[in-house]
Each structure stands twice: as C-alpha cells, then as structure tokens.
Amino acid sequence: MRRLIFFGGAGFLLLFVLSFAKPASAASSTMYTWTPSKLYKTATGAAYSGYVNSGTAVTVYSKSGKRYKVKTGGKTGYIYAYNLTSSKVKKEDYFGSKIYKQAAGGPYVASVPAGKMMYIKMEATKNGMYLAHVIGTGYSGYVDKTHFIKPVVKYTWMPSKLYTSATGNSYKKTIKDGQKVSVFNGSHGRYQVKAGSSSGYIYANNLTGTLAKKTVYVSSKLYTTSSHTKYTAVIRPNKQVYVKESTQNMSHVCVVGTAQSGWIYTSHFTKPAPAAGGTTSTPKTTAGTSQTGSSTAGGTTAGTATGSTSGSASGITGSAAATSGTTATTATGNTGSGSASATTATGNTGSGSASGTTATGNTGSGSASGTTATSNTGSGSASGTTATGNTGSGSASGTTATGNTGSGSTSGTAATGSTGAAAASATTAKGLDVSHYQTLTQSSFNLMKRQGYSFVILKATEGTGYTDSKFYTYYKYARNAGLSVHAYHMIGNSTTAPAQHIAEAKHFYQVLAQTKASTGYAFTGYAFEDIEPTGTNSITTTWWANAAPACAGYFLNEMQALGQAKVGIYAGYFNWKSYLEGHTDTWPGNTKIWLARYNTTLGTNADVWQYTETGTIDGITGHFDLDISYDPDFKKFFQKKRREAILAVLILLPSASGPAYGLIVEIFPACRSKPPPCIPVCCRLRPIMHCKLVHSSVLAKRLKRVIRHPQIRGFF
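Residues numbered from 1 in each chain as written. Predicted model: local features only at pLDDT ≥ 70, side-chain atom pairs only at ≥ 80, totals over all residues. Heavy atoms only, no water.

Let us now look at the packing of aromatic side chains. Taken as a whole and judged by the stated rule, the model has 28 aromatic pairs. Residues Tyr40 and Tyr48 carry aromatic rings whose centres are separated by 6.2 Å and whose planes lie at 75° to one another, so their mutual orientation is edge-to-face. Between Tyr570 and Trp594, the aromatic rings sit 4.5 Å apart at their centres with planes inclined by 70°, giving edge-to-face as the arrangement. With Tyr570 in strand 47 (residues 567-572) and Trp594 in strand 48 (residues 592-596), this pair connects stretches of sequence that are 24 residues apart. Owing to a relative accessible area of 6%, Tyr570 belongs among the buried residues under this scheme. Through pairs of rings, three or more aromatic residues link up here, namely Tyr488, Tyr526, Phe528, Tyr570 and Trp594. Its guanidinium or amino end placed over the ring of Tyr163, Arg190 lies 3.8 Å from that ring's centre, counting from NZ or CZ. Above the plane of the ring of Tyr453 lies Lys430, whose end atom (NZ or CZ) is 4.3 Å from the centre. (Phe/Tyr/Trp six-rings, centres within 6.5 Å; stacked < 30°, edge-to-face > 60°. Helix = DSSP H or I, 4+ residues; strand = E, 2+ residues; numbered from the N terminus. Buried < 20%, exposed > 50% of the residue type's maximum accessible area, 1.4 Å probe, protein only. Lys NZ or Arg CZ within 6 Å of the ring centre and 35° of its normal.)

Here it is, written out as structure tokens:
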C-alpha cells in the first residue's frame with residue numbers, strides 16, 4: 001500500500017512538472033525581429049507591454065494563431081509571426097529607394113536616400129523585391145533587391161539619354177559625356193544607373209569602365225565601324241576624344257563635348273615628331289624624284305640670286321636678297337650692313353650679302369648664291385646647281401635640293417628628305433584614291449585634272465566575289481578626264497591557304513579584264529592589293545607576323561601569271577615596317593609599294609604615299625584620300641595616255657575671200673556622243689586666224705563637212 005502511495009505521489013509530481021515544460025516544437029528556437037514589433041501580453045489581446053527593436057534576437061516557445069510566444073530581454077510575451085525572420089540580414093541600400101506597400105509596386109510609403117541600412121526578411125522576397133525595414137525609422141515595405149548590390153563605377157564616354165525604364169523610349173534627360181555613374185544591374189541592353197541625384201537607365205554600349213581622354217593630332221575620318229570603310233565626319237587636329245575601346249589598330253571614340261562618335265586610327269593619338277631636315281623621308285626609286293614637307297620643289301633652276309656669277313652659298317642665315325658681281329677676289333669676315341661680292345666670300349656676318357663661286361658660313365640676314373649652296377639656315381635664299389640642307393623659310397633652287405626643312409621652297413630635279421605638309425613637285429605626281437563611298441560625276445574628275453591631279457586609284461574588288469559598284473563608271477570618267485587610272489583589291493580573308501589568295505587574284509583580274517568591254521578603255525594601270533583589317537577578313541597580329549608576306553606573294557604572283565604585269569601592295573606604314581619590309585623575296589621584283597601614313601613625313605621608301613584621308617578638292621563635296629607618287633612612271637603614264645584619249649577632227653571652213661580655214665577639234669571620248677556646251681577649237685592651217693570656243697550646236701553642223709586635207713600634218 002505504501003509503495004502505491006509512493007508511486008502515486010511520484011506520478012502526481014511528474015504530471016505537475018510536465019504541465020510546465022516547454023512544448024517540444026518550440027524549444028530553443030531563435031528568431032529575429034526584422035521590423036520594430038509590439039510585445040503583446042496575450043496571443044489575442046490588444047494590450048502590449050512594450051516594443052522590441054528591429055534586429056533583436058528572441059526565443060520562440062510556441063505559436064498561437066498569428067503570434068509567437070517569445071522571450072526577449074527577460075520579458076515574455078507575444079509577437080506577430082510576420083515580424084519575425086529566421087536569419088538576421090542587414091544590408092545597405094546603395095541606390096536610394098522607394099518603400100512600396102506591395103511587391104508589385106504601386107503606392108509607396110516613403111522614399112529614402114542611398115546609404116541607409118535595412119533589415120531584410122529574406123523569406124518574403126517577391127518579384128525581385130525584398131521585404132525590408134529602414135533602421136532607425138518607422139518605414140517598412142518592399143524594396144528593389146538590386147539596390148542592395150554594391151554598384152560598379154562606370155563612365156559615359158558619349159552623351160547618353162537617361163531613360164525612365166529598361167525598355168521604353170521616354171527619358172528624363174541627357175547625361176553629358178565624361179560623367180561618372182553608378183551601375184546596378186542590366187536589362188534589355190540598358191543598365192540601371194544613378195548619376196548624381198538622378199537615376200534611370202542608360203544603354204550599356206554608352207558606358208565604359210575606364211575613361212580615357214586623348215588628343216587626336218592629325219585629321220581623322222570618323223568611321224562607322226572598325227573596318228574603316230564608311231565615315232560620317234572628320235575630326236580636325238588637336239581635338240580631344242573619349243576612348244571606349246581599341247581593336248585592330250582602330251579606336252572607338254567620341255569627340256569631347258559633342259555627339260560625334262565612331263572609329264579612328266589609333267596611330268592618330270601619337271604626336272608627330274618635329275620636322276627635321278636631312279634624309280628622314282627618302283622615298284623609294286630615283287633619288288631625284290622625292291619631295292615631302294611644306295616646301296615645294298619644281299623646275300631645274302629657279303634661284304633668287306642675280307648677277308654674272310651665281311656661285312654657291314653655305315651656312316647662310318638672314319633675309320636679305322642676294323646681290324652679285326665680280327668686283328673683288330676675296331671678301332672674308334665681313335661684318336655689318338655692307339655688301340660684298342667676290343669669287344670667295346667666307347664667314348660673313350650681319351645683314352650684308354655675298355655672292356660668288358663659293359660663299360661659306362654666312363650668318364645674319366644676308367644671302368648668297370652660287371654653284372653650290374649647302375646647309376643654309378634662316379630666312380635667306382640660295383640658288384645654284386646644288387642646294388643642300390636648307391633650313392628655315394629661305395628658298396633654295398638648283399638641279400638637286402636635299403634635306404630641306406621648314407616653309408621654304410626648293411626647286412630642282414631632286415628634293416629629298418624635306419619635311420612639312422606633303423606637296424607635289426615637277427618630279428612627283430598628285431593623286432587620290434576613291435570608291436563607291438564618294439559620289440562623283442564626270443565633272444568631278446575633270447576638276448581633279450584641272451587642279452593638277454595626275455592619277456587616281458579606284459577600288460575594284462574585295463574577296464572572291466565583290467565588285468565595287470562604281471568601279472567601271474569611275475574608271476570611264478577618269479580616263480575621259482585624261483587621268484592615269486589604277487585599281488586596288490581589298491583582301492577578303494586572312495587564311496594562310498594559298499588557294500584563297502589565288503582565288504581573290506583571279507576575281508580581281510577578271511574584273512580588270514572586263515574594263516575594255518564596260519568602258520571602252522582597256523585597263524593599263526597598276527593593280528594593288530590592299531592589305532589591312534576590315535572587320536570581316538579576320539586579320540590579326542599573329543597573321544601579320546607569320547603569314548602576311550607569303551599570302552601577299554600568292555596574290556601578286558597569280559596576278560602576273562594571269563597577265564597583269566603591273567602589280568603593287570598597299571599597307572599602313574606601321575604594318576609595313578613591322579611585318580612586310582624585308583620579307584618581300586617571294587614577291588615579283590617590280591612590285592610597287594603604296595603606303596599610308598597620315599603624318600608630316602613618310603619616314604621610309606615607297607612609290608606612292610597616301611598622306612591624308614581628309615583631303616579636299618575645290619568644287620567637289622566630301623573628303624578624299626590624297627596621294628603623292630614618287631615613281632616617274634605615274635607621270636609618264638598620264639602624259640602618254642592623255643594624248644591617246646584625244647580624238648582629233650579636221651573641219652574645213654570655206655572662205656569666199658581666200659583659202660579655207662582648217663580647224664582641228666580635240667574632243668575627249670566622253671564628248672563624242674554628247675559634246676559639252678563648248679569645245680576648244682584651234683586654227684592649225686594657214687592662214688592662221690584665231691583660236692576660239694565653238695558651241696556644240698555649231699560644231700555638230702560643221703562635223704558633217706569634215707574632210708582630210710593634204711596639207712594636214714601630224715596633230716601631236
């Protein structure tokens with residue numbers, strides 16, 4: 001009986017203890033308040049004993065209805081389950097956010113600046129939004145979760161619209177180029193950004209991670225793509241640009257302070273070296289046929305000296321004009337403003353002038369002339385058979401003018417190593433190269449010829465199937481105008497397989513072979529292969545280094561095998577110097593070299609120099625690639641073909657008072673079917689009366705009475 005009582009008492013005690021034990025499901029469960037919460041006294045009542053701050057850890061015992069029974073800070077009570085989260089997550093709002101009532105957006109309770117800290121209820125993430133509480137405030141609601149990602153700093157390299165959404169066309173304003181923005185996320189090709197106090201969306205393409213500001217030192221075409229085939233504008237020298245990226249020797253830029261953007265040659269960021277005399281730029285072929293720089297060369301003897309003895313001048317400095325004479329045998333060390341003339345004049349200083357057979361070391365503003373003029377410096381002038389090393393604004397004339405520097409002019413058969421803006425001389429030929437990107441007419445080519453251009457190089461083909469749409473038209477116009485016409489082929493594929501380059505050569509040759517049938521003129525010029533990256537031919541640095549010379553050889557040799565004897569290569573200066581020069585042993589021996597370098601000097605040997613891509617021609621809209629040929633064959637070709645292009649017609653004009661007047665009419669081929677309004681007519685038979693312009697309507701009637709007169713001799 002006692003044992004029963006004992007166990008009975010123990011059972012009662014056990015039941016009593018168990019009645020106060022914590023529920024198993026709620027034991028030691030820790031949660032956190034993500035938002036400030038009332039600590040209610042009961043599970044259902046409205047009375048509460050105080051507030052629990054956000055971010056506070058609480059021990060949860062059980063759940064009753066919508067509230068948990070909790071204990072925190074020694075107090076026990078009830079908190080709404082909605083206010084509790086399983087993990088304590090504290091994040092910074094980097095963007096500055098609206099606190100929405102619903103995850104779908106719509107009405108919002110507050111807008112807070114960037115930098116605010118918030119507690120997040122991770123379990124309640126919906127529609128890309130966090131349920132959050134702004135610490136230290138009474139604001140809780142939904143916030144865009146991307147606003148808690150630390151932004152990446154980027155820059156606008158060009159003016160950019162700040163759109164209100166990731167997809168719409170509505171925008172708030174335009175952000176200037178060169179501005180720093182904070183980038184948060186991307187969608188539909190746009191980034192969500194914050195620029196200052198403004199936020200919105202900017203196209204990803206308008207942003208760059210590193211803002212590079214550079215100066216363009218030479219005139220540069222602004223191409224639409226890195227393949228540099230079509231351009232929209234021209235950047236003038238010393239303009240500053242923001243650079244987004246660079247590839248294949250091209251850079252993607254925007255002109256600072258404008259909306260002009262595109263691709264230019266990366267080499268245009270290199271400041272040209274100061275002009276220097278000597279033989280810095282000695283073009284290929286004949287030593288007496290080169291002229292570069294701002295000086296000009298022309299003629300055989302064109303000096304500024306006068307007198308019975310026009311000798312030599314060395315080391316001359318000054319601006320005075322030369323005088324001459326044979327008054328004295330020797331004049332040495334003359335100083336002051338007096339003048340001295342002698343067979344030998346040495347070491348003259350001051351403003352005096354000296355002339356004679358030899359004049360050496362003259363300094364000041366005086367000038368000297370003679371057979372040999374060497375190392376002249378200053379603004380003085382020197383003339384003679386040989387003028388060498390002239391520096392300054394002075395002029396030198398003679399059979400040979402070498403090493404000229406500055407703005408002076410040199411004239412003679414040879415002008416070597418001169419620096420400054422390129423200029424054609426009597427022994428060089430001016431030219432240009434064009435394609436379908438230029439809109440030209442017959443009148444355009446006529447203007448070129450009248451302005452002294454001798455040759456034009458036309459784009460004919462590219463790859464194995466493309467033919468320039470204007471090649472035949474422009475070829476006919478150019479030949480009609482009396483220009484020397486050549487063609488180039490753009491390399492279409494950088495494969496190392498010989499078959500590809502042979503196929504391209506065959507395509508080029510076939511197009512040239514059709515020139516006669518398409519224009520009435522056979523192709524008799526040079527055929528160049530243009531080797532440069534286009535964005536489609538996949539030319540890389542590796543290809544340049546390992547395969548370029550061999551691939552060019554395949555092309556050139558195939559052209560000659562097909563019957564095109566005159567061949568050449570076009571390349572940029574840096575690619576030529578880095579990869580091609582010295583590796584031409586597999587090329588035909590007569591290969592012409594055409595180099596592009598937009599600089600004050602070419603700096604190497606070449607047959608043709610393309611010295612600018614922003615040249616202009618009076619009377620013709622647009623910009624042109626301008627060239628100078630150092631090869632006399634270009635000049636000879638022009639002169640020879642000009643005569644062949646002329647049709648000569650004899651017109652007999654009866655006269656009642658005497659012999660007939662014989663007129664020879666020179667008509668270019670383009671005028672045969674449709675003569676221009678006026679055609680030049682010259683009297684060639686006796687009696688010679690006059691030369692005049694005959695209107696085409698009159699000429700058309702007179703052409704019916706064309707005869708061959710026995711007194712006529714050769715026309716040319």
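Moving on, there is more to tell.
Moving on to the pairing of strand 11 (residues 117-126). Looking along a regular strand, one sees side chains alternate from face to face of the sheet. Bridge count between strand 8 (residues 89-92) and strand 11: 4 bridges; the pairing is antiparallel. Residue Glu92 lies in a different strand from strand 11, and its bridge partner there is Met117. In this sheet, strand 12 (residues 129-134) lies alongside strand 11 in antiparallel orientation, the contact comprising 5 bridges. Opposite Met118, over in strand 12, you have Val134 as the bridge partner. The turn linking strand 11 back onto strand 12 is made up of 2 residues, and Asn127 within it adopts a positive phi angle of 50°. (Pairing = 2+ DSSP bridges.)

Moving on, we come to the pattern of salt bridges. Scanning the model with the defined rule gives 4 salt bridges in all. Its salt-bridge partner being Glu462, residue Lys459 comes within 2.8 Å of it at the nearest N-O pair. With a shortest N-O distance of 2.9 Å, Lys577 and Glu581 are connected by a salt bridge. (Salt bridge = Lys/Arg side-chain N within 4 Å of Asp/Glu carboxyl O.)

On the secondary structure map, Thr156 appears in strand 14 (residues 152-156). In contact with Thr156, other than residues within four places in its own chain, are Ile175, Lys176, Asp177, Gly178, Gln179, Val181, Ile202, Asn206, Leu207 and Leu211. (Contact = heavy atoms within 4.5 Å.)

For Arg479, the position within the fold is in helix 3 (residues 471-480). Side-chain polar atoms of Arg479 contact the backbone oxygen of Ala522, separated by 3.2 Å. (Polar contact = N/O pair within 3.5 Å; in protein donor to acceptor, adjacent residues only side chain to side chain.)

Looking at helix 2 (residues 442-450), one finds that the buried residues are Gln442, Ser444, Phe445 and Met448. The arc enclosing the buried residues of helix 2, seen along the axis, measures out at 160°, which places them on a common side. If you follow the buried residues of helix 2, they end up packed against strand 42 (429-434), strand 43 (453-462), helix 3, strand 49 (608-617) and strand 50 (620-629). Positive phi shows up at Gly452, right after helix 2, with a value of about 95°. (Arc of directions from axis to C-beta.)

Below, the discussion takes up the nonpolar core. Of all hydrophobic cores here, the largest spans 54 residues; its most connected members are Leu432, Phe445, Met448, Val456, Leu512 and Trp543. The element best represented in this core is helix 7 (residues 548-562), accounting for 6 residues. Apart from residues no more than four positions distant in its own chain, Phe445 is found in contact with Leu440, Val456, Tyr474, Tyr477, Ala478, Ala481 and Leu483. With 17 residues, the next largest nonpolar core counts Tyr265, Ile457, Tyr570 and Ala596 among its residues. (Core = buried A, V, L, I, M, F, W, Y, C linked by side-chain atoms within 4.5 Å.)

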